[in-house]
Amino acid sequence: DESDDKTKKEHVNIGTIGHVDHGKTTLTAAITKYLSRNGSTVFRSYDDIDKAEEERARGITINASHVEYATANRHYAHTDCPGHRDFLKNMICGASQMDGAILVVDCNDGPMPQTTEHLLLAKQIGVKHIVVFVNKVDTASEDLKELVELEVRDMLTNFGWAGDSVPLIHGSALYALEGNQSEIGEPAIKKLLDALDTYVPAPKRDYSSPFIMPVDSVVSVSRGTVVIGTVKQGTFKKDDKAEVVGFGASFPTSISTIEVFRNAVMSAKAGDHVGVLLRQMKASNVKRGMLLAARGTLKQSNQYTGTVYFLDKSEGGRSKPVTRGYIQVLFSETWQVTARFDFEADMIMPGESAAVTITLLKDMVILPGQAFSVREGMETVASGIIHKSLE
Ligand code: GDP
Ligand code: MG
């Protein structure tokens, strides 16, 4: 049954994206309808999905429906949002990052402005895999089918996905929801699910990239300095060359003893919570917010691009707009640094999101996709995500 699926099957987070009225919610309902046949998925009707729950992620109100379903080998958590603004908020501030997305495009309209906006943001936040459902082909001509396919593949290529090879399925979510067995009805849903199962890899811990461990705390012991944290990526062992970086400083060191719950271990890997004794490191050089990393692999910068959402008054945010050059304290993971925020527009209203260039008072390492927030005093006024560093 369902609870079995959650524990036994590989888990993947996905979501529908695309322009309003292109059929995202209908498709979501059609998927659950089709999979409810084999008993492991509960059918969720259009109306049920469309009256999305109001939820709060980092203080921000997002209307989102979380739908679960299971294929033979996988359990999917699928997010569908009712409005365009909620899609943006969910992508910028959502707690669970999408492993893949289903782009829904109405075959009669082709890509529209919100199609572009969702794709741009998906690319920026690091959604690696897109599967396309060209919808409403029950009302579109053959010529349009070809044209829209070309247009969508081109668009994906321009954004940096493998546009030529992404799975693209033509279908009718409405037909499928009605149980129609023609090629564009239920069989199209089966094709879409097969594409998700095979084309979107399940997330796995990264054990092979150069190691990074954000420093949560520092302890001075008689043998030297111990840093404590959870390994974010990679693997390290005794004697590996390392470096502690952050706040514009970097100190070379190497790994001495590694401990897990006070027991010495040979190595540490992504996901492990460890204490690491560092060689030749003054405790005063290291502080919470710095990163322990493989030597020479990280670059600090004081300029980053990102996307930021400003909370509105009802979310505890500002009542007044922010203007270009807004200066405030940026919080990310375990650190905080004063930053300046520059936008293309002169001002951003509370309740709006915008692309932003961030200039930090001190150089820091921020990885693509890393979340941040902005606080005025005790109040969180904005939440965002970093895209990349500007050199
Ligand atoms: P969303 O805003 O992207 O979630 O779009 P909806 O799922 O709410 O669909 C918008 C409208 O398009 C609704 O009236 C649906 O019934 C209709 N619709 C959705 N899929 C299809 C389809 O495959 N064929 C046709 N003809 N209409 C569809
Ligand atoms: Mg919808």
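Counting restarts for each chain, with residues numbered from 1 along the sequence as it is written. Chain letters start at A and ligand numbers start at 1, both assigned in the order the entries are written. Two thresholds apply to this predicted model, a pLDDT of at least 70 for residue-level local features and 80 or more for giving and counting side-chain atom pairs, whereas whole-chain, interface and lining totals are computed over all residues. Only hydrogens and water are set aside; all other atoms, that is, all heavy atoms of the structure, feed into the side-chain values.

### With respect to the overall build of the chain
Put simply, DSSP H or I for four residues or longer makes a helix, DSSP E for two residues or longer makes a strand, and each gets a number counted from the N terminus. Within the chain, the regular secondary structure consists of eight helices and 25 strands. Here the globule rule reads 2.2 Å times residues to the power 0.38, and the radius of gyration is calculated from C-alpha atoms. Taken over the C-alpha trace, the chain has a radius of gyration of 23 Å; the compact-globule value for 391 residues is 21 Å, and the two agree within 12%. Across its three principal axes, the chain shows a C-alpha extent of roughly 75 × 50 × 35 Å. The contact definition used throughout considers only heavy atoms, calling two residues in contact when any of these lie within 4.5 Å. Nonlocal contacts in the chain, meaning residues at least 24 apart in sequence, comprise 70% of its contacts between residues at least 6 apart. Accessible surface is estimated by sampling points in the Shrake-Rupley manner with a 1.4 Å probe; for residues, cover comes only from the protein chains shown. Entry remark: accessible area of the chain is about 18,000 Å², with carbon and sulfur atoms responsible for 50%. Working convention for charge: Lys and Arg count positive, Asp and Glu count negative, and His plus the chain ends are omitted. All charge positions are set by atom: Lys at NZ, Arg at CZ, Asp at CG, Glu at CD. Each charge sign in the chain was given a centre, from 43 positive and 50 negative side chains, and these centres are 11 Å apart.

### Topic: the environment of L88
Mapped onto the elements of the fold, L88 is located in helix α4 (residues 84–93). Those residues in contact with L88 that lie beyond four places of it in its chain are E117, H118, L121 and S353.

### Things to note about the site of ligand 1
Near is defined per residue: the residue qualifies when any heavy atom it owns lies within 4 Å of the molecule or strand. Surveying the vicinity of ligand 1 reveals 16 residues, the closest of which are D21, K24, T26, Y46 and D138. Contact distances for ligand 1 include 2.7 Å between an oxygen atom and a backbone N or O atom of D21. The protein chains hide 79% of the 580 Å² of surface that ligand 1 would expose on its own. Element by element, the count of residues in the shell around ligand 1 is highest for helix α2 (residues 24–36), at three residues. For the shell around ligand 1, a count of residues per class yields four nonpolar, eight polar and four charged. Under the rule applied, a polar contact is a pair of N or O atoms within 3.5 Å (in protein, one hydrogen donor and one hydrogen acceptor; residues adjacent in sequence only if both atoms are side-chain atoms). By the convention adopted, Pro, Cys, Tyr, Trp, Phe, Met, Ile, Leu, Val and Ala count as nonpolar, Lys, Arg, Asp and Glu as charged, and the other residues, Gly among them, as polar.

### Details of the nonpolar core
Residues L292 and F341 are the most contacted members of the largest nonpolar core, which totals 43 residues. Residue contributions to this core peak at five residues, all from strand β23 (residues 353–364). Setting aside its immediate chain neighbours within four residues, L292 contacts F211, I212, M213, V215, V227, A242, E243, V244, T253, I255, V276 and L278. Core analysis: the second largest hydrophobic core is formed by 38 residues, L88, M91, L119 and I130 among them. Joining through side-chain atoms within 4.5 Å is the link that ties buried Ala, Val, Leu, Ile, Met, Phe, Trp, Tyr and Cys residues into a set, and such a set is a nonpolar core. Partly exposed residues are those whose accessible area sits between 20% and 50% of the maximum for their type, while under 20% is buried and over 50% is exposed, using a 1.4 Å probe and protein chains only.

### Some words on the sheet that holds strand β4 (residues 74–80)
Here, a strand pair is defined by DSSP locating no fewer than two bridges between the strands. Across the sheet, seven strands lie side by side as β2-β3-β4-β1-β5-β6-β7; this open sheet has mixed pairing. In this open sheet, the two strands that pair with only one neighbour each are β2 (53–57) and β7 (168–170). Strand-to-strand twist in this sheet, taken as the mean axis angle between neighbours without regard to direction, amounts to 30°. Sheet topology places strand β3 (residues 60–70) next to β4; six bridges connect them, and they run antiparallel. Axes, fitted as lines to C-alpha atoms, cover a helix only where it is in contact. Angles between the N-to-C directions of the axes lie from 0 to 180 degrees.

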